[in-house]
Structure formats: structure tokens, C-alpha cells
Amino acid sequence: RYRLLSKASDIVFGLQGCLDFEKGGNVAQVLYDFYGTIDARIGSLHRTPEPEACAKIAEELKSMRDAWADIDGEGKPSPKPDTPPESVSVTLSA
């Protein structure tokens, strides 16, 4: 569990570190705060492994992933119905 939580924390830290405040302005700050909060919550799972808290973090990260996918898809043609969309999976386990 420690290794998986540390990996998740490293990924979130990496996302936070890639933000460009000069170009991103307020959006970059909101994302920075979001990622910081998620990282703190992942850290709290080291001390108190609560499956509900882990599921909530995963749900919020999936929502963010979906929002980024929507942004990335703007202006692109929709995939053919028989073509599955690319997906990224984030799994946190207690």
C-alpha cells in the first residue's frame, strides 16, 4: 500500500510541478491548489487507510481526467462509434 500511495503522490506532484503560472494564470493556481489538496489527502491515507476516502480521491481524479479529455477533444472530430476512446486509469487502493 505504501508503494502505491507514494507512486500516486509522485504523479500528483509531477502534475503540480508542470503547471505554467505565467501562461495559465488563475487556472494554474486553481490546479495547483487542487493537486496540493489531493496530495495531502493521499498522505493522510498513509496514517488512516479509509477505503471511502481513497474512493473519493480516485473519483475526483477521474473527474479531472475526464475534464482534461474533454478539453483535449475540443475541435477534434468525434471518434467512430466502434472505436473505443483512449483512457487513463487511476487506481488507489487502501
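Scroll up for the structure.
Residues numbered from 1 in each chain as written. Predicted model: local features only at pLDDT ≥ 70, side-chain atom pairs only at ≥ 80, totals over all residues. Heavy atoms only, no water.

Observations concerning the packing of aromatic side chains
Right, so step 1: Inspection of every chain in the model, using the stated rule, returns 2 aromatic pairs.
Right, so step 2: Both rings, one in F21 and one in Y32, keep their centres 5.6 Å apart while their planes meet at 65°; by these two values the pair is edge-to-face.
Right, so step 3: On the basis of relative accessible area, F21 is assigned to the partly exposed category, the value being 39%.
Right, so step 4: Taking the relative accessible area as the measure of exposure, Y32 reaches 37% and is therefore partly exposed. (Phe/Tyr/Trp six-rings, centres within 6.5 Å; stacked < 30°, edge-to-face > 60°. Buried < 20%, exposed > 50% of the residue type's maximum accessible area, 1.4 Å probe, protein only.)

Some remarks on helix α3 (residues 51-73)
Right, so step 1: In this model, α3 (23 residues) spans 32 Å end to end at C-alpha, consistent with the 33 Å of a helix rising 1.5 Å per residue.
Right, so step 2: Among the residues of α3, those classed as buried are C54, I57, A58, L61 and M64.
Right, so step 3: Its buried side turned inward, α3 meets α2 (21-47). (Helix = DSSP H or I, 4+ residues; strand = E, 2+ residues; numbered from the N terminus. Expected span 1.5 Å × (residues − 1). Contact = heavy atoms within 4.5 Å.)

A few points about α2
Right, so step 1: With 27 residues, α2 extends only 32 Å from end C-alpha to end C-alpha; this falls clearly short of the ideal 39 Å at 1.5 Å per step.
Right, so step 2: The sharpest bend along α2 measures roughly 70° and falls at V27.
Right, so step 3: Of all the residues in α2, the buried ones are A28, L31, Y35, I38, I42, G43 and L45.
Right, so step 4: In this structure, the buried side of α2 is in contact with α1 (2-17) and α3.
Right, so step 5: For α2, the N-terminal cap is D20; the gap from its side-chain oxygen to the backbone nitrogen of E22 is 3.0 Å. (Bend = angle between axes of the 7 residues up to and from the residue. Polar contact = N/O pair within 3.5 Å; in protein donor to acceptor, adjacent residues only side chain to side chain.)

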